[in-house]
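The residues making up each chain are set out below.
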Amino acid sequence: MMCCSARTDELPDEFATKDVAREIMLEHVRSWDVPVMDYLDGVRASLLQDLSDLLSEHFSAVPGMRLVISCVDLIVLPHRSNG
């Protein structure tokens, strides 16, 4: 039996299957863009809500901290999703 002695006509170090596999992987990875960004937008929204809740919980009783909390919100808001 010759199970492992297959011969091909490709040039040394040139395998067409490598290019095909690469294209299939790239096509698959390109389809991740929207779902990944949707997921990250959800994570960001959750973290921003947690941050806001923590700031309010720990600093709302301190005089003048409402202004600081508002400033933090103004700093963080522009960094939210571009869409």
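Since the structure is predicted, the reported quantities are computational estimates derived from the model, not experimental observations. (Residues numbered from 1 in each chain as written. Predicted model: local features only at pLDDT ≥ 70, side-chain atom pairs only at ≥ 80, totals over all residues. Heavy atoms only, no water.)

Trainee: Can you help me understand the overall build of the chain in this one?
Mentor: Within the chain, the secondary structure is distributed over three helices and zero strands. A total of about 7600 Å² of accessible surface is found on the chain, and carbon and sulfur atoms cover 64% of it. (Helix = DSSP H or I, 4+ residues; strand = E, 2+ residues; numbered from the N terminus. Areas by Shrake-Rupley, 256 points an atom, 1.4 Å probe, with all protein chains shown as cover.)

Trainee: Quick question: what am I supposed to make of a nonpolar patch on the surface here?
Mentor: The grouping of Val29, Trp32, Val36, Met37, Tyr39, Leu40, Val43 and Leu47 at the surface amounts to a nonpolar patch, some 740 Å² of accessible area in total. Ranked by residue count, the leading element in the nonpolar patch is helix α2 (residues 33-59), at six residues. For tyrosine 39, the location among the structural elements is in helix α2. Classification of tyrosine 39 by relative accessible area gives exposed; the value is 58%. (Patch = residues over 30% accessible without salt bridge, like charges linked within 9 Å, V, L, I, M, F, W, Y side chains within 5 Å. Salt bridge = Lys/Arg side-chain N within 4 Å of Asp/Glu carboxyl O. Buried < 20%, exposed > 50% of the residue type's maximum accessible area, 1.4 Å probe, protein only.)

Trainee: Any chance you could explain the environment of isoleucine 69 here in plain terms?
Mentor: As for its position among the elements, isoleucine 69 is in helix α3 (residues 65-76). For the pair formed by isoleucine 69 and serine 56, sequence separation is 13 residues and the distance between their alpha carbons is 7.4 Å. Each residue touching isoleucine 69, except ones within four places of it in the same chain, is listed here: Leu55, Ser56, Phe59 and Ser60. (Contact = heavy atoms within 4.5 Å.)

Trainee: So what exactly am I meant to see when it comes to the confidence of the model for the chain here?
Mentor: Low pLDDT marks regions whose predicted coordinates should not be analysed in detail. With 70% of its residues at a pLDDT of at least 70, the chain reaches an overall mean of 75. Model confidence for the chain, summarised as mean pLDDT per element, is weakest for α3 at 72 and strongest for α2 at 85. (pLDDT = per-residue confidence, 0-100.)

Trainee: Before we go on, may I ask you to explain the pattern of salt bridges in this structure?
Mentor: Should their charged atoms come close, side chains of opposite charge can pair. Tallied over the entire structure, the rule returns one salt bridge. Between aspartate 41 and arginine 44 there is a salt bridge whose closest N-O contact spans 2.7 Å. Highlighted residues: aspartate 41 and arginine 44, both in helix α2, separated by three residues, approximately one helical turn.

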